[in-house]
Amino acid sequence: QSRVAAEAAIRNAGYLDASVTTTRACEEGSCRVVVTVTPGEPARVGRVVIAGLARTDAQVVKKVAAIEPGEVAGPEALLAAQRRMLGLGIFQRVAVRPIPGQISGAQRGVLIEVEEAQSRAVTVGVGWDNVEQARLSFSWSELNLFGRARSLFLDTKVSGREKHFQVSYREPARLGVLGFPTWVSVFRSDEHYT
């Protein structure tokens, strides 16, 4: 466990070629364990390549992944970037890994490979019941508005007793104004009951 913990810590610090070994010597009911770490050369991010974009702006990926040339290229940092990218909800697959052929040396390129998900949805509904009579509902949503990972949602429900209209807009945290997440929703609902 000590070897695994030391190996993870040294690699997350940027020493990707580090080797960690353990030795033990036991005598008369006690053991002495020695963990030896050979760090090697520190690795930094060289070039960042983004592949697989069709509708999404590359600046969105750069801001959310937050992997910059010259930074430490540890496995935990790459995994955190992958989680942030998937958290946008506009990608169905994200892989963050070293560029093939650049898995050693002081400068290591990083490949961010994405597969965009379907970002638009439309729903139409028609119904009837003895209280509201005829009912019509329509909703439209776009999760990647203008390729900027911003969401727009329109919702309408109209019946004999109710009229409801709603527009919602959302910006993720790293892409919002001043770095804060933004959510704005404007709606109007009229209901008439005897």
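This text gives an overview of the structure that appears in the document. (Residues numbered from 1 in each chain as written. Predicted model: local features only at pLDDT ≥ 70, side-chain atom pairs only at ≥ 80, totals over all residues. Heavy atoms only, no water.)

## Description of the pattern of salt bridges
Put simply, the rule reads: The salt bridge criterion pairs a side-chain nitrogen of Lys or Arg with a carboxyl oxygen of Asp or Glu, the two atoms within 4 Å. By definition, any uninterrupted DSSP run of H or I lasting at least four residues is a helix, any uninterrupted run of E lasting at least two residues is a strand, and each is numbered from the N terminus. Each residue's exposure class comes from its accessible area (1.4 Å probe, protein chains only) as a fraction of the maximum for that residue type: buried when under 20%, exposed when over 50%, partly exposed otherwise.
Overall, the coordinates contain 10 salt bridges when judged by the stated rule. In this structure, Asp-17 engages Arg-108 in a salt bridge whose closest nitrogen and oxygen atoms are separated by 2.5 Å. Taken together, the residues span a long stretch of sequence, with Asp-17 in the loop between helix H1 (2–12) and strand S1 (19–27) and Arg-108 in strand S5 (residues 107–116) at a distance of 91 residues. Relative accessible area serves as the criterion here: at 6%, Arg-108 is assigned to the buried category.

## Brief notes about the nonpolar core
Just so we agree on the cut-off: To form a nonpolar core, buried Ala, Val, Leu, Ile, Met, Phe, Trp, Tyr and Cys residues must be joined to one another through side-chain atoms within 4.5 Å.
Ile-67, Met-85, Leu-88, Phe-91, Val-96, Val-110 and Ile-112 are the most contacted members of the largest nonpolar core, which totals 22 residues. Elements that contribute at least two residues to this core include exactly helix H2 (58–65), helix H3 (75–87), strand S4 (91–98) and S5. Among the elements that line this core, the one with the most residues is H2, at 4 residues.

## Observations concerning H3
Applied cut-off: Helix span is expected to be 1.5 Å times the residue number reduced by one. Relevant arc is that of directions from the helix axis to the C-beta atoms, nothing else. Every residue pair with non-hydrogen atoms within 4.5 Å of one another is taken to be in contact.
End to end, H3 covers 18 Å across 13 residues, agreeing with the expected 18 Å (1.5 Å per residue, within 8%). When we look at burial in H3, the residues that qualify are Leu-78, Ala-80, Ala-81 and Met-85. For H3, the arc enclosing every buried residue in end-on projection is 160 degrees, short of the 170-degree limit, so these residues lie on one face. Check the buried side of H3 and you find it contacts H2, S4 and S5.

## Examining the sheet that holds strand S7 (residues 133–145)
The cut-off we apply is this: Here, any two strands with at least 2 DSSP bridges between them count as paired. Here, axes are lines fitted to C-alpha atoms. For helices the fit covers the stretch in contact, and angles between N-to-C directions go from 0 to 180 degrees.
Here 5 strands make up an open sheet; going across it, the order is S6-S7-S8-S9-S10 and the pairing antiparallel. Each of the sheet's edge strands pairs with one partner strand only, and the pair in question is strand S6 (120–129) and strand S10 (182–191). Across this sheet, the average inter-strand angle for adjacent strands is 5 degrees, counted without regard to direction. By the bridge criterion, 10 bridges tie S6 to S7 in an arrangement that is antiparallel. Note on S7: the bridge partner recorded for Thr-123 is Ser-139.

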